[in-house]
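Residue strings, one per chain:
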Amino acid sequence: MLRPQTNLALATLIVLLGLSLTALAQTVTGTLSGTVTDSTGAVVPEIAVTAKNTETGLTRSVKTNAEGYFLMSFLPLGNYDVIADVRGFKKVIKNGVVIELNRNTVSNFKLEVSTVDATIEITGETPQIETTTGEIKHSLDARRIEDTPLAGRNFISLV
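Remember, predicted model here, so these are calculated numbers, not experimental data.

Engineer: Can you lay out the nonpolar core for me, pointing to particular residues and giving the numbers?
Structural biologist: Considering soluble globular proteins, one finds that nonpolar side chains tend to be buried as a cluster. Counting 17 residues, the largest nonpolar core has Leu32, Val36, Ile47, Val49, Val82 and Phe109 as the members making the most contacts within it. Elements with a contribution of two residues or more to this core: β1 (29-38), β2 (48-53), β4 (69-76), β5 (78-85), β6 (91-99) and β8 (109-111). Excluding residues within four positions of it along the chain, Val49 makes contact with Val36, Arg60, Ser61, Val62, Thr64, Phe70, Met72, Val82, Ile83 and Phe109.

Engineer: Describe the packing of aromatic side chains, with residues and values.
Structural biologist: A complete count under the given rule lists one aromatic pair for this structure. Here the aromatic rings of Phe70 and Phe109 are separated by 6.2 Å at their centres, their planes lie at 50°, and the arrangement is tilted. Of this pair, Phe70 sits in strand β4 while Phe109 sits in strand β8; the two residues are 39 residues apart in sequence, bridging distant segments of the chain. Across the pair, exposure class does not vary: Phe70 and Phe109 are buried alike.

Engineer: So what's going on with the sheet that holds β5? Residues and values would help.
Structural biologist: Overall, mixed pairing links the five strands, which are arranged β3-β2-β5-β6-β9 in an open sheet. Of all the strands in the sheet, the pair left with one neighbour each is β3 (59-63) and β9 (119-122). Mean inter-strand twist for the sheet, computed between neighbouring axes without regard to direction, equals 20°. Summarising the sheet, β2 and β3 pair through five bridges and their orientation is antiparallel. Bridged to Val49 within β3 is Val62.

Cut-offs used in this document
Just so you know, the residues in each chain are numbered from 1, in the order the chain's sequence is written. In view of the model being predicted, local features appear only for residues whose pLDDT reaches at least 70, and side-chain atom pairs are presented and counted only at 80 or more, with totals across whole chains, interfaces and linings using the full set of residues. The side-chain figures draw on all heavy atoms in the structure; neither hydrogens nor water molecules are used. We call a set of buried residues a nonpolar core when its members are Ala, Val, Leu, Ile, Met, Phe, Trp, Tyr or Cys and they connect through side-chain atoms within 4.5 Å of each other. In this scheme, a residue with accessible area under 20% of its type's maximum is buried, one over 50% is exposed, and one in between is partly exposed, where area comes from a 1.4 Å probe on protein chains only. Under the scheme used here, helices are H or I runs from DSSP no shorter than 4 residues and strands are E runs no shorter than 2 residues, and both carry numbers assigned from the N terminus. Residue contacts follow a heavy-atom distance rule, with two residues in contact if any of their heavy atoms lie within 4.5 Å. Pairing of aromatic side chains requires ring centres within 6.5 Å, counting the rings of Phe and Tyr and the six-membered ring of Trp. Pairs whose planes differ by under 30 degrees are stacked, by over 60 edge-to-face, and all others tilted. Any two strands with at least two DSSP-identified bridges between them are counted as paired. Note on geometry: axes are lines fitted to C-alpha atoms, helical ones only across the stretch in contact, with angles between N-to-C directions running from 0 to 180 degrees.

Here it is as structure tokens:
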């Protein structure tokens, strides 16, 4: 008599455990990467690259590797100001770099040699083509959702 109830409880536990593991696998972050070069196109290693979220103030810093490449994984979604700064070069600031869900945003820097302390500020960077994967993705913003014709305004029709 206890055996069918035990089997049912065990099966329910396994299903719930499986569902909880798939929920943990979901991410709500993005990635920022890029390469830092000088005015001649040569890579510049050991450059400090800092990303600051303009909405929350979160700041993350990394250094480029020997090939001038940097990678910031698991950045919360939002708009960032990204700064590349090293002594002997002009500081470069890119405003409005958007980190989107499960997307690798590539932001390359080209530094110019500086004899005096100078800053270059770039605003309104154009979105780049996704070159790291062959996927085609886009996000639905509020305007696009409102403009999409839906049968009976059922949100499941968006899927």
